[in-house]
Amino acid sequence: MSLLTRLSHFPVQTVHTALGAVQYRVAGEASAVTHVLLHGIGSGSGSWIEQLRAAEGRSDLRVLAWDAPGYGESAPVAPASPCAADYAERLWAWLDALQARQPVVLVGHSLGCLMAARAALDQPLRVPRLVLLSPARGYGDAPDAERTDKLQSRLGNLQRLGPQGMAAARAAAMLSPAATPEQVELVRTTMAQVRVDGYTQATHLLANGVLLRDLLEVRCPLAVASGEADTITPPAGCSQVAQQAGVAWQSLGPVGHACPLEAPDAVNVLLGLIHHAAPESAE
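Residues numbered from 1 in each chain as written. Predicted model: local features only at pLDDT ≥ 70, side-chain atom pairs only at ≥ 80, totals over all residues. Heavy atoms only, no water.

*Asks:* Honestly, the layout of surface pockets in this entry has me stumped. Any pointers?
*Replies:* Regions of empty space are outlined by a rolling probe, equal in size to a water molecule, passed over the atoms. By volume, the largest pocket is sized at about 610 Å³. Looking at the lining of the largest pocket, the elements with two or more residues in it are α5 (144-170), α7 (196-208) and α9 (235-245). Ranked by residue count, the leading element in the lining of the largest pocket is α5, at eight residues. Class assignment of the residues belonging to the lining of the largest pocket gives a composition of 16 nonpolar, 12 polar and five charged. Considering the residues around the second largest pocket, the lining is formed by 17 residues, among which Arg 25, Gly 44, Asp 67, Thr 190 and Gln 193 are closest to the centre. Those elements that provide at least two residues to the lining of the second largest pocket are α1 (3-7), β2 (20-27) and α6 (181-192). Ranked by residue count, the leading element in the lining of the second largest pocket is α6, at three residues. Grouping the amino acids of the lining of the second largest pocket by side-chain chemistry returns six nonpolar, nine polar and two charged. (1 Å grid on protein atoms, 1.4 Å probe; cavity = no way out; pocket = protein on both sides within 12 Å on 5 of 7 lines; lining within 4 Å. Points joined across faces, edges and corners; volume = space filled by probe spheres on them. Helix = DSSP H or I, 4+ residues; strand = E, 2+ residues; numbered from the N terminus. Nonpolar A, V, L, I, M, F, W, Y, C, P; charged D, E, K, R; others polar.)

This is how it looks when you write it as structure tokens:
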């Protein structure tokens, strides 16, 4: 069964919040939400397929993966050039609309780390543990010239290629050379579905964000992990984030940026979705 077919087991749902609609996927049968997963800039809720599969049918887990504001059918945030707080506010409005007010393990991937860190800072009693995978640091504290260059480069690629062209050009770079064609296809399909307005706002968030500024004020237990073959948020940068936050960087093995997909066992153990990695099958 292909990854895209497996993803159909977790159809998108939409809830209307006080701040606008949010689209999401859910897995697990627990009465209370246990984990909330926030995707990166070129991704969507489907990028968490392996984490949703780990929770499927489980009575002790209930995992939610959102499509961030401006992605899928989720309403965009109001500012044209938003900050992490705008997304964090929508996150809590979403969980409130679902009556999910109990503490959750909050997980961010790449750009989602900016959102997750701010959300943990804004509602500390609701986040007993924060996990950052392949964290994007943001360019809000970079020199103006670098910040502008990064912003215009991304927006220029989007304008020139469109979501589908961008996905065709960049999907393989999200993974290691050892990734399967099926994994590359899932990344490509997910990236091709991004909305121009949502991606544009997210690009401004990346330009405005300063992950460490929020992270240094977060008081809950924290984990920072990434793949050793990640060329988008390389291990050295992720290790520096961990060091500055006062924790050890954790390797997820020889995998690329899309680590939740390419290293599902390692990620699922880190998130507490499974207790140990499955043994490799014999040749």
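*Asks:* Looking at this model, I keep getting lost on the pairing of strand β1 (residues 13-17). Mind explaining?
*Replies:* The side chains of a regular strand alternate, first on one face of the sheet and then on the other. In this structure, β1 lies alongside β2, joined through five bridges in antiparallel fashion. Paired with Thr 14 across the strands is Gln 23, a residue of β2. Counted along the chain from β1 to the antiparallel partner β2, the turn is two residues long. (Pairing = 2+ DSSP bridges.)

*Asks:* Even after reading the chapter, I still don't get the pattern of salt bridges, so can you show me in this structure?
*Replies:* A side chain with one charge can pair with a side chain of the opposite charge if their charged atoms come near. Under the criterion given, the structure shown has eight salt bridges. Linking Asp 96 and Arg 101 is a salt bridge whose minimum nitrogen-to-oxygen distance equals 3.7 Å. Three or more residues are tied together by salt bridges with common partners; here these are Asp 96, Arg 101 and Arg 126. (Salt bridge = Lys/Arg side-chain N within 4 Å of Asp/Glu carboxyl O.)

*Asks:* I tried to follow the packing of aromatic side chains on my own but got confused; where do I start?
*Replies:* How two aromatic rings sit relative to each other is given by the distance of their centres and the angle of their planes. Evaluated as defined, the whole model comprises two aromatic pairs. Ring centres 5.7 Å apart and planes at 55 degrees place the aromatic pair Tyr 24 and Trp 94 in the tilted group. With Tyr 24 in strand β2 and Trp 94 in helix α3 (residues 84-97), the pair connects residues that are 70 residues apart, well separated along the chain. Pair check on accessibility: Tyr 24 and Trp 94 agree, each one buried. Among the aromatic side chains, those forming a connected cluster through ring pairs are Tyr 24, Trp 66 and Trp 94. (Phe/Tyr/Trp six-rings, centres within 6.5 Å; stacked < 30°, edge-to-face > 60°. Buried < 20%, exposed > 50% of the residue type's maximum accessible area, 1.4 Å probe, protein only.)

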